Structures are given as structure tokens and as C-alpha cells.
Amino acid sequence: MLFFTVKDARLFAAHSFLSSHLLTRNGYGRNEALFDADILIAHILKKERSWLLSHSDFDFLPYKNDFEAFVKKRSSGLPIAYLTGTKEFFGRTFYVNENVLIPKPDTETLVEHALNFAMKKLKKNEPLFVLDICTGSGCIGLSLAAELYESLSQTSDAFNKPQRAQSSQRDNLGICNVNLFEKPDEVNLNKDLKNYFS
């Protein structure tokens, strides 16, 4: 009988990733390869990574074809977040696809600074208007909204593919006080800002 365990899948993927010049040219090593393998296996099985590590003998054969397709795409340089469709940012899971940039950990610093600025304004009872332009996944504006629990407006560029991702994010995070505008002409910034500050 043929076996293909989680352990076998991890080793197969790590070997494939380390054979990819696209991945290894920037210091991508064994630890990164195993981590990526774990993320893909966990995604396919809908399990936590810790479960995988404690169930390395689990029969993964029924998932082998799907997994090999993921490994091939990752080996060609496609980011893990695009394969799984999610990325963690500021303690929340955001949906991503190839139409949006993947949220980076460094961008969390921007959210922290914006939160500090907003909290100072709110403590002084000063008006706060946040406009997140060209939002992509919406991770910055939606993280601010989730943290502040205040009414924030957010606009997207003219492309509606990122806007659909933002809508999903907003609904997934349970945020109902964020306005999403699909096209720039749907919001008159001069009029809206003038009304807001008058």
C-alpha cells in the first residue's frame, strides 16, 4: 500500500522549494521552505500548524495532487498568501488575491502611528476623518476602523476587484461603520471634507 504522510509532504515541498532559483536567490533557506510547506499543508487540511507537527504520520495521500499543484506554483515564485488567499495583519486575517498587494509586517507600524494620532485627536474631542486611498486589501483602513470603533471612510481606486476584497474584509471583521467607494467619482472629496470640517 502506498503512503504519503504529512512528513513526506513537508520534505517533498521543502526539496522542491530549495530547488527553485526564484526562491533561493534571496536567502530563502531550509527553515523558510519547511515553514512554507507547513502553511500549504495546513491550508489544504484546514488545520493549525501545531496539529501538523504533532501528526506527521497522518496519511496525506488523498491530498497529494492538490498539494503538488500548490508546490509547483510556489516553486515558480508565487507568494504563499496568494496561494492560500489570506494574510495575517495587525492580529486579523485578511483576504488577498493577485489583484492586491500582500500586507507587510512593516505596514503595521503605520497603523500604530495612525492609531496614536487618532487617539490623541479623539481624547481632545477633535474631529477625525480618515481616508485610505488605493487601499488594495483594505488592511490599513479596516485595521484602524476595527481598533478605533469610529466611523471611518475608505475609498478605493477605480478598480473594482480590490473593492470586492475590501467588502469581504469588512464583513469578515464585523465592521459596519466603514464606507467603501468603488470609484473615485463616487466621493466628492472637496465637498465631503468641507462638510465634515464645517
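Conventions and cut-offs
- Here the residue numbering is sequential within each chain, running from 1 through the sequence in written order.
- For this predicted model, a pLDDT threshold of at least 70 governs which residues receive local features, and a threshold of 80 or more governs which side-chain atom pairs are given and counted, while totals over whole chains, interfaces and linings are taken from all residues.
- Based on all heavy atoms of the structure, the side-chain values leave hydrogens and waters out of the count.
- For this analysis, a nonpolar core means a set of buried residues of the types Ala, Val, Leu, Ile, Met, Phe, Trp, Tyr and Cys, connected via side-chain atoms within 4.5 Å.
- Type-normalised accessible area, obtained with a 1.4 Å probe on protein chains alone, sets the label of each residue: buried when under 20%, exposed when over 50%, and partly exposed for intermediate values.
- Under the DSSP-based scheme used, a helix requires at least four consecutive residues in state H or I and a strand at least two consecutive residues in state E, with every element numbered from the N terminus.
- We call Phe, Tyr and Trp rings a pair once their centres come within 6.5 Å, taking the six-membered ring for Trp, and we label the pair stacked below 30 degrees between planes, edge-to-face above 60, and tilted otherwise.
- The rule is short: NZ of Lys or CZ of Arg within 6 Å of the ring centre and within 35 degrees of the ring normal puts a charge over the ring.

Engineer: Provide a residue-level description of the nonpolar core, including the pertinent values.
Structural biologist: Core analysis: the largest hydrophobic core is formed by 25 residues, its most contacted members being Phe17, Leu40, Ile41, Leu45, Leu52, Phe60 and Phe67. Residue assignment for this core shows that the elements contributing at least two residues are α1 (6–18), α3 (30–45), α4 (49–54), α5 (64–75) and α6 (80–84). Tallying contributions element by element places α3 first for this core, with 8 residues. Residues Phe94, Leu115, Leu142 and Leu144 belong to the second largest nonpolar core, which totals 12 residues.

Engineer: I'd like a rundown of the packing of aromatic side chains, residues and numbers included.
Structural biologist: Summed over the entire model, instances satisfying the criterion amount to 8 aromatic pairs. For the pair Phe60 and Phe67, a centre-to-centre distance of 5.3 Å together with 85° between the ring planes defines the contact as edge-to-face. Comparing Phe60 with Phe67 shows no difference in burial state: the two are buried. Taken together, a centroid distance of 6.1 Å and an interplanar angle of 75° make the contact between Phe89 and Phe94 edge-to-face. There is no split in this pair, since Phe89 and Phe94 are both buried. Each residue in the set Phe4, Phe12, Phe60, Tyr63 and Phe67 is aromatic and connected to the rest through ring pairs, giving one cluster. When the ring centre of Trp51 is taken as reference, the NZ or CZ atom of Lys47 above it lies at 4.9 Å. Between the NZ or CZ atom of Lys64 and the centre of the ring of Phe4, over which it lies, the distance is 4.8 Å.

Engineer: So what's going on with unusual backbone geometry? Which residues, and what values?
Structural biologist: Phi is positive for Phe90, which is not a glycine, with a value near 50°. By secondary structure assignment, the location of Phe90 is in the loop between β1 (86–89) and β2 (92–95). Of note in this structure, Asn125 is not a glycine but carries a positive phi near 55°. By the secondary structure assignment, Asn125 is in the loop between α7 (107–123) and β3 (131–132). Relative accessible area serves as the criterion here: at 71%, Asn125 is assigned to the exposed category.

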